[in-house]
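In case you want the letters, here they are:
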Amino acid sequence: ATLQTQFPTPEDGYLLAFVFKTPGQPGEYALLTTSDGGKTWTQHAFTTPVLLGGTPATIDFLNVKQGWLLNGSALWSTQDGGRTWAEVHALAELEP
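The structure presented is a predicted model; accordingly, all values stated were derived computationally and were not measured.

Visitor: So what's going on with the sheet that holds strand E7 (residues 74-78)? Residues and values would help.
Guide: Taken in spatial order, the four strands line up as E5-E6-E7-E8 in an open sheet, and their pairing is antiparallel. With one partner strand each, in any of the chains shown, strand E5 (57-61) and strand E8 (86-88) form the two edges of the open sheet. Within the sheet, the average angular offset between the axes of one strand and its neighbour, ignoring direction, is 30°. Inspection of the sheet shows strand E6 (residues 67-71) paired to E7 by five bridges, in the antiparallel sense. Residue Gly67 lies in a different strand from E7, and its bridge partner there is Thr78.

Dropping the structure here:
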C-alpha cells in the first residue's frame, strides 16, 4: 500500500492509502482519519468519484476541516474534514 499522511495538528491527522484488496484486481484509495495522534484510525468512504483507478493522488489539509486532494489533473476540496468532496473547476484561460 502507498501511504501519505498529513497532520494539521498534533492530534488530528489524515492518511491517504492506495490499497489492493484482491490480487489481480485494480486498487483503490482509502482515506483514514485520527483525532488521537495516530493511536486509532477510522476509514471514510469517498461519497463522490474523487479517486478513480491508479491515478497518483496527494492530500493537503490547511486545518482539521479544510483540505484539498489532487488526483491527476483533477483538484477536489473538502470543508468538513474529508467527509464530502467537491471538484474545484478552474477558470478557462482567457483570450485577449
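Visitor: Describe a nonpolar patch on the surface, with residues and values.
Guide: A contiguous nonpolar surface patch, about 410 Å² in accessible area, is contributed by Leu62, Trp68, Leu70, Leu75 and Val88. On the secondary structure map, Trp68 appears in strand E6.

Visitor: Break down the nonpolar core for me, citing the residues and quoting the values.
Guide: Note on soluble globular proteins: their nonpolar side chains tend to be buried together. Listed in full, the 12 residues of the largest apolar core are Tyr14, Leu16, Phe18, Tyr29, Leu31, Ala57, Ile59, Phe61, Leu69, Ala74, Trp76 and Trp85. Elements represented by at least two residues in this core include exactly strand E2 (13-19), strand E3 (28-34), E5 and E7. Ignoring sequence-local partners within four residues, the contact set of Phe61 consists of Gln6, Pro8, Tyr14, Gln66, Gly67, Thr78, Gly81, Gly82 and Trp85.

Definitions and cut-offs
Residues numbered from 1 in each chain as written. Predicted model: local features only at pLDDT ≥ 70, side-chain atom pairs only at ≥ 80, totals over all residues. Heavy atoms only, no water. Pairing = 2+ DSSP bridges. Helix = DSSP H or I, 4+ residues; strand = E, 2+ residues; numbered from the N terminus. Axes fitted to C-alpha atoms, helices over the stretch in contact; angles between N-to-C directions. Patch = residues over 30% accessible without salt bridge, like charges linked within 9 Å, V, L, I, M, F, W, Y side chains within 5 Å. Areas by Shrake-Rupley, 256 points an atom, 1.4 Å probe, with all protein chains shown as cover. Salt bridge = Lys/Arg side-chain N within 4 Å of Asp/Glu carboxyl O. Core = buried A, V, L, I, M, F, W, Y, C linked by side-chain atoms within 4.5 Å. Buried < 20%, exposed > 50% of the residue type's maximum accessible area, 1.4 Å probe, protein only. Contact = heavy atoms within 4.5 Å.

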